[in-house]
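Each chain is listed here by its residues.
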Amino acid sequence: MFAVHLFSFFFTKLQENPTKKVDRFLHAMRLHDDQLKAIAARFEAEMKKGLSSDSNVTASVKMLPTHVRSTPDGTEKGEFLALDLGGSKFKVLQVKVREDEGIKRGVQMKEKTYPIPNELLRGKGTELFDHVSESLKDFLVEENIHQGNKQPLAFTFSFPCEHSALDKAILLDWSKNFRARGLLGKDVVQTLKESIERTEGMDVEVMAMVNDSVATMMTCGFDDQRCEVGLIVGTGTNACYMEELRHIDLVEGDEGRMCVNTEWAAFGDDGALDNYITEFDRDIDAASNNQGKHIFEKMISGMYQGELVRLVVLKMAKLGLLFDGNVSNSLRTKGSVTSEHVAEMQKYKTGLEKTKDILTWLGLSPSDEDCVAVQHVSTIVSFRSSNLVAAGLSAILTRIKTNRKLKELKITVGVDGTVYKTHPQYSKRLRKVLGRLIPECEVRFCLSDSGSSKGAALVTAVAQRLASRRQQVDETLLPFRLSQEQLMQVKARMRAGLEAGLKATGPSTIKMLPSFVCGKPDGTEHGKYLSLDLGGTNFRALLVDFKKGSNPNSRLNHKLYTLPPDIMQGSGDELFDYLAQCISDFLDYMGMKNAKLPAGFTFSFPCEQTAINTGTLLNWTKGFKVSNCEGHDVVSLLNEAVERRNEFDMEIVAVVNDTVGTMMDCASEDPLCEIGLIAGTGTNVCYMEELKNIEKYKDDIEKAAGEEMTPEGQEDRGDDGTEDECLKLETEMSKMCVNTEWGGLGDDGSLDNIITPYDTVVDQTSLNPGKQRFEKLTSGMYLGEIVRHVLLVLTRGGLLFKGHFTDALKTPGLFQTEYLSKIESDRLALLQVRCVLQQLGLDSSCDDSVIVKEVCGVVSQRAAQLCGAGLAAVVDKIRENRRLDHLNITVGVDGGLYKLHPHFAQVLQETTQAMAPQCSVTFLPSEEGSGKGAALITAVAKKKQDKPWFT
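Residues numbered from 1 in each chain as written. Predicted model: local features only at pLDDT ≥ 70, side-chain atom pairs only at ≥ 80, totals over all residues. Heavy atoms only, no water.

Remarks on the overall build of the chain
The helix and strand inventory of the chain stands at 35 helices and 26 strands. A principal-axis box enclosing the C-alpha atoms of the chain has dimensions of 130 × 75 × 50 Å. Across the 951 residues of the chain, 58% fall into the buried class. Summarising the internal contacts of the chain: among those between residues at least 6 apart in sequence, 72% fall at separations of at least 24. For the chain, the exposed area adds up to about 39500 Å²; of that, 48% sits on carbon and sulfur atoms. For the chain, the centre of its 112 positive side-chain charges and the centre of its 133 negative side-chain charges are spaced 8 Å apart. (Helix = DSSP H or I, 4+ residues; strand = E, 2+ residues; numbered from the N terminus. Buried < 20%, exposed > 50% of the residue type's maximum accessible area, 1.4 Å probe, protein only. Contact = heavy atoms within 4.5 Å. Areas by Shrake-Rupley, 256 points an atom, 1.4 Å probe, with all protein chains shown as cover. Lys, Arg positive; Asp, Glu negative; His and termini not counted. Charge placed at Lys NZ, Arg CZ, Asp CG, Glu CD.)

Quick look at the structure:
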């Protein structure tokens, strides 16, 4: 009875639709989307392992760096030889790459194909390369290629290699029936060079070696600059893509991109694909020359597709599901069904007829149903291949999209290989499945029309273009890269300027202006003070309330007012009337219009002071050009404006520079703080100098000090503690804070040896040509403009933006210093740098972005180094003033360049330490800025008014 049922079952199966019969038999090969997504996820995990130096050894997907750093941009040119070795035949070519629009795609090629005898595939490696070299010489003679100049040669070598440079590649493994001895672990480029030398009579230089997938990407990239992925689906299979350099642990550097050869053929060698491997795949692997290796390739590539079809058909025949159970000797013979047969079977209209011819040729007598079934077997095998390729590609494209933080990705995949080109429906199926797996990616497939040979030549052409551009960029930026000797000269000139500025006679570009601030906060300051801050494009009004108590603190309220450009370029009355209006608004805002508050006025421009509450403006800086102010007391100008407004009353107790205010703010936290530094829109330094050294203002200082030391004042103290208090007063009055106004260094030509042509242009187009030369090299107001002029020159030379100018690049002041901070941020990927540039109307490539970032880096680094050299001169002077072998000191710092730029502070600190090794310098950022410092100075000054003997 069981036999009857069994016969009935098989009879039913034999009579069913032949395609359904095959579907049931090969259900394990029919992968649905969820399975493909799972495979893609595993592949992406292997990519991450391969990129990491910690896990690369155990990764099945090796992710080999190729040292190809850029795809073609269309400007490549030159004549190159090319060798293409990867199958049973190899090609020798001459490739001419030109900018001539009249030649199709700018490339002309001559080529010749040479066979490789079977014995060389498994013979000595040196004999294989000698054969290649002799064929190369034959080609040169046949094409009459002159040997007058050394011929650059590009080498396509389609086997797994580990690159340490573009022209250095260690062979890791053979594939595709190659088993030449003695080459594993050897540099194949060096082997080729040695063979060329043995052959003699050729003047050839091997410039680059690439994988066929890389060469395919480069070939297609010449016509489509979105092409950043290369795919081979032929005898073998592989993929490459442009990876962010910062993710490739095996290569130094983190700027730009590099093509990574995934060597995805080995995916699954660690068991990752065991759930998807069929018995036929295991049979293929067991019979291969590399058992247990290249599992992914054995499920995909043309070398194995025919054999997979043969094994399936053979088993179905043995089970009686095909050919009435008859099996021919040819069907039992390994290799009798080829990838070409599989492609023929799937052809539209003629596929069934071709299937019948092939089966008949194999010694079988197929029925029409047999032909339909076998054709369907070949379709399932090739569809599985395209589905697996889609899974691998989706992982690569997802990684690219994630790297670049894009919601949608538009990209081109360059493709080569006989399977992709010749198998009907293969490309269509691949695109369809890929679209389902990653619907957020718009993918174009570009078929390589000239194979990988043209691509290898383009790799060399790109390498030459990049090398030439690198040299020109280096030459352009060289003047910004200061040597230790140059920085020591700047330090020496700064020191000489400091000393000259203190003397009573003789010129000095560094003004060294006394601030009449002699004491620092002692924590007893209390009360409410108004603080006014003018130093850039904003005016800030503050109310600072210092609290008494065991833990003194302060409460601060403020309001910011933007200065209109016409006010910054208008008359003095207009400026100070505007300031009075802002103060009135602020007092209304705080509900203190009727209170007469002591005020400190931070005025961040060079002023000559004869007392703490007077300041004569010497000259405007930082873009200000207000008339009728220079040579006038700014305190009087503000008081007059307040009187004209007649709405409130105010007592300006102290006028200070922002550096002084910053120093005082930080000194309230750190008693060692005796230097104030501003590194922002402008730059300046102040420090506590010995009174005896301030020669040119000696009379004014002695007069101010005398008022503190009157006999009447001494009598007022009484007898108790008089000696101690006098000693304290003498100690404190022995120093005074000096506002160096160091921005003027170089106005006498002393910095001409480091000033570049770009600095000269920026100076000449400024509001104060020839003035503030040091500030124009170091401050935020000018760095962006310096960068813009460098970019203009690089673009004019065709080294950036393909030589295309934009209105943004031509517009003075549009490239602001804040863009330097953004572009140089370590947190920003290059694609985000490109977004910053696009906001300025600059459409940049990845290579452009790398260069722009480098330009920003050298300009800002020079600024920080110059500030460091200048500061080293200041701290060494303080140390020598005090006759110390070693000085511990703190610098209070404020300014957006110091606080916001990602590298400025570190470079400044390192330079200062290197150039003043006998000083330990601590940098303390000011939390409240010079506004609070001015309030503290006012509080200290008020205490002096209340107790003249106490500073």
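Re the sheet that holds strand β12 (residues 409–416)
Judged by pairing direction, the sheet is mixed, and its six strands sit side by side in the order β1-β11-β10-β9-β12-β13 without closing on themselves. Because the sheet does not close on itself, it has two edges, and the strands there are β1 (64–65) and β13 (441–447). Inspection of the sheet shows β12 paired to β13 by seven bridges, in the parallel sense. Bridging from a neighbouring strand, Leu 409 pairs with Cys 441 of β13. (Pairing = 2+ DSSP bridges.)

A closer look at helix α28 (residues 780–796)
If you check α28, its first and last C-alpha atoms are 25 Å apart, about what 17 residues at 1.5 Å a residue would give, namely 24 Å. Extensive coverage of α28 is indicated by the burial of 14 of its 17 residues. A positive phi of about 75 degrees marks Gly 798, the residue just after α28. (Expected span 1.5 Å × (residues − 1).)

Considerations on the nonpolar core
For soluble globular proteins, nonpolar side chains are generally found buried alongside one another. Ile 675, Phe 815, Ile 823 and Phe 904 are the most contacted members of the largest nonpolar core, which has 106 residues in total. No other element matches helix α32 (residues 846–881), which puts 18 residues into this core. Excluding residues within four positions of it along the chain, Phe 815 makes contact with Gly 784, Glu 785, Val 787, Arg 788, Leu 791, Leu 820, Ile 823, Leu 837, Leu 840 and Cys 856. Listed in part, the 52 residues of the second largest apolar core include Leu 36, Phe 43, Phe 267 and Ile 411. (Core = buried A, V, L, I, M, F, W, Y, C linked by side-chain atoms within 4.5 Å.)

Some thoughts on unusual backbone geometry
Residue Phe 323 is not a glycine yet carries a positive backbone phi of 55 degrees. Position of Phe 323 among the secondary structure elements: in the loop between α10 (302–318) and α11 (329–332). For Phe 323, a relative accessible area of 3% translates into the label buried. The backbone of Gln 425 sits at a positive phi, close to 70 degrees, despite the residue not being glycine. Relative to the assigned elements, Gln 425 resides in the loop between α15 (418–422) and α16 (426–437).

Focus: the sheet that holds strand β3 (residues 89–97)
A sheet is described by the order of its strands in space; here five strands give the open sequence β4-β3-β2-β5-β8, paired in mixed fashion. Every other strand in the sheet has two partners, leaving β4 (107–115) and β8 (204–210) as the edge strands with one partner each. On average, each strand axis in the sheet is inclined to that of its neighbour by 20 degrees, with strand direction left out of account. Of the pairings in the sheet, the one linking strand β5 (residues 151–157) to β8 comprises six bridges and is parallel in character. Looking across to β8, one finds that Thr 156 is bridged to Val 210. Against the sheet, helix α5 (residues 125–142) contacts β2 (78–85), β3, β4, β5 and β8, and its axis sits at roughly 130 degrees relative to β4. (Axes fitted to C-alpha atoms, helices over the stretch in contact; angles between N-to-C directions.)

Concerning the packing of aromatic side chains
One pass over the structure, following the stated rule, counts 29 aromatic pairs. Pairing Phe 586 with Tyr 589 gives two aromatic rings, centres 6.4 Å apart and planes at 35 degrees, and the pair type is tilted. Taken together, the residues Phe 586 and Tyr 589, both in helix α20 (residues 572–590) and three residues apart, mark about one turn of the helix. Looking at Tyr 589, the relative accessible area reads 52%, which means it is exposed. (Phe/Tyr/Trp six-rings, centres within 6.5 Å; stacked < 30°, edge-to-face > 60°.)

Thoughts on the state of the cysteines
The tally for this structure, following the rule as stated, stands at zero disulfides. Note on Cys 582: no disulfide assigned, nearest cysteine sulfur contributed by Cys 629 at a separation of 15 Å. Free cysteine: Cys 629, not disulfide-bonded; nearest cysteine sulfur from Cys 607 at 10 Å. By relative accessible area, which is 1% here, Cys 629 ends up buried. (Disulfide = S-S within 2.5 Å.)

Focus on the pattern of salt bridges
It is possible for side chains bearing opposite charge to pair when their charged atoms get close. Tallying each qualifying case throughout the model produces 53 salt bridges. A salt bridge links Glu 689 to Lys 877; the nearest nitrogen and oxygen atoms lie 3.3 Å apart. Separated by 188 residues along the polypeptide, Glu 689 in strand β23 (residues 683–690) and Lys 877 in helix α32 bring together distant segments of the chain. Owing to a relative accessible area of 0%, Glu 689 belongs among the buried residues under this scheme. We classify Lys 877 as buried; its relative accessible area is 1%. Here the salt bridges share partners, and the residues they tie into one network are Lys 491, Arg 495, Glu 499, Glu 689, Asp 876, Lys 877, Arg 879 and Glu 880. (Salt bridge = Lys/Arg side-chain N within 4 Å of Asp/Glu carboxyl O.)

Describing the confidence of the model for the chain
Confidence along the chain averages 87 in pLDDT terms, with 92% of residues attaining 70 or more. For the stretch residues 1–14, pLDDT sits under 50, and the model shows six contacts to residues farther than four places along the chain or on other chains. Predicted confidence is poor over residues 708–731, with pLDDT under 50, and the contacts of this stretch with residues over four places away or in other chains come to 18 contacts. (pLDDT = per-residue confidence, 0-100.)

What about the pairing of strand β24 (residues 735–739)?
Most of β24 sits out of view: four of its five residues are buried. Summarising the sheet, strand β14 (residues 513–514) and β24 pair through two bridges and their orientation is antiparallel. Bridging from a neighbouring strand, Pro 514 pairs with Val 738 of β24.

Considering the environment of Val 653
Structurally, Val 653 can be placed in strand β21 (residues 650–656). Once the C-alpha coordinates of Val 653 and Ala 941 are considered, the two residues, 288 residues apart in sequence, prove to be 7.0 Å apart.

Some details on the side chain of Asp 633
Mapped onto the elements of the fold, Asp 633 is located in the loop between β20 (614–617) and α21 (634–645). Assessed through its relative accessible area of 18%, Asp 633 is described here as buried. Of note is the side chain of Asp 633, whose polar atom sits 3.1 Å from the backbone nitrogen of Val 635. Engagement of the side chain of Asp 633 in a polar contact is seen with the side chain of Ser 636, the distance being 2.9 Å. Contact partners of Asp 633, with chain neighbours within four places excluded, come to Thr 614, Gly 615 and Thr 616. (Polar contact = N/O pair within 3.5 Å; in protein donor to acceptor, adjacent residues only side chain to side chain.)

So, the side chain of Glu 741
Considering the arrangement of structural elements, one finds Glu 741 in the loop between β24 and α26 (757–764). Setting aside its immediate chain neighbours within four residues, Glu 741 contacts Thr 509, Ile 510, Lys 511, Leu 513, Phe 605, Pro 606, Asn 657, Asn 684 and Val 685.

A few points about the environment of Gly 933
Within the secondary structure layout, Gly 933 lies in helix α35 (residues 929–946). A relative accessible area of 0% places Gly 933 in the buried class.

A closer look at the environment of Leu 745
Position of Leu 745 among the secondary structure elements: in the loop between β24 and α26. In this structure, the C-alpha to C-alpha distance between Leu 745 and Arg 493, residues 252 residues apart in sequence, is 8.1 Å. Apart from residues no more than four positions distant in its own chain, Leu 745 is found in contact with Arg 493, Met 494, Thr 509, Ile 510, Ser 750, Leu 751, Arg 773 and Phe 774.

Comments concerning the packing of helix α2 (residues 18–25) against helix α14 (residues 368–403)
Orientation of α2 relative to α14, taken along the N-to-C sense of each, is 40 degrees, at an axis distance of 8 Å. Taken together, the axes of α2 and α14 lie oblique to each other. α2 and α14 meet at a crossing whose hand is right-handed. Contacts from Pro 18, Thr 19, Val 22 and Asp 23 of α2 reach α14 at Glu 369, Val 372, Ala 373, His 376, Val 377 and Ile 380. Of the residues assigned to the contact of α2 with α14, the class counts are six nonpolar, two polar and two charged. (Parallel < 35°, antiparallel > 145°, perpendicular 65-115°, else oblique. Left-handed = near helix turned anticlockwise from the far one by under 90°. Nonpolar A, V, L, I, M, F, W, Y, C, P; charged D, E, K, R; others polar.)

Observations regarding helix α18 (residues 484–502)
Taking 1.5 Å per residue, 19 residues should reach 27 Å; α18 reaches 27 Å between its end C-alpha atoms and fits that length. Taken together, the buried positions of α18 are Leu 487, Val 490, Lys 491, Met 494, Gly 497, Leu 498, Gly 501 and Leu 502. What you see down the axis of α18 is that its buried residues fit within an arc of 130 degrees, all on one side. Contact partners of the buried residues in α18: β23, α27 (773–778), α32 and α34 (904–915). (Arc of directions from axis to C-beta.)

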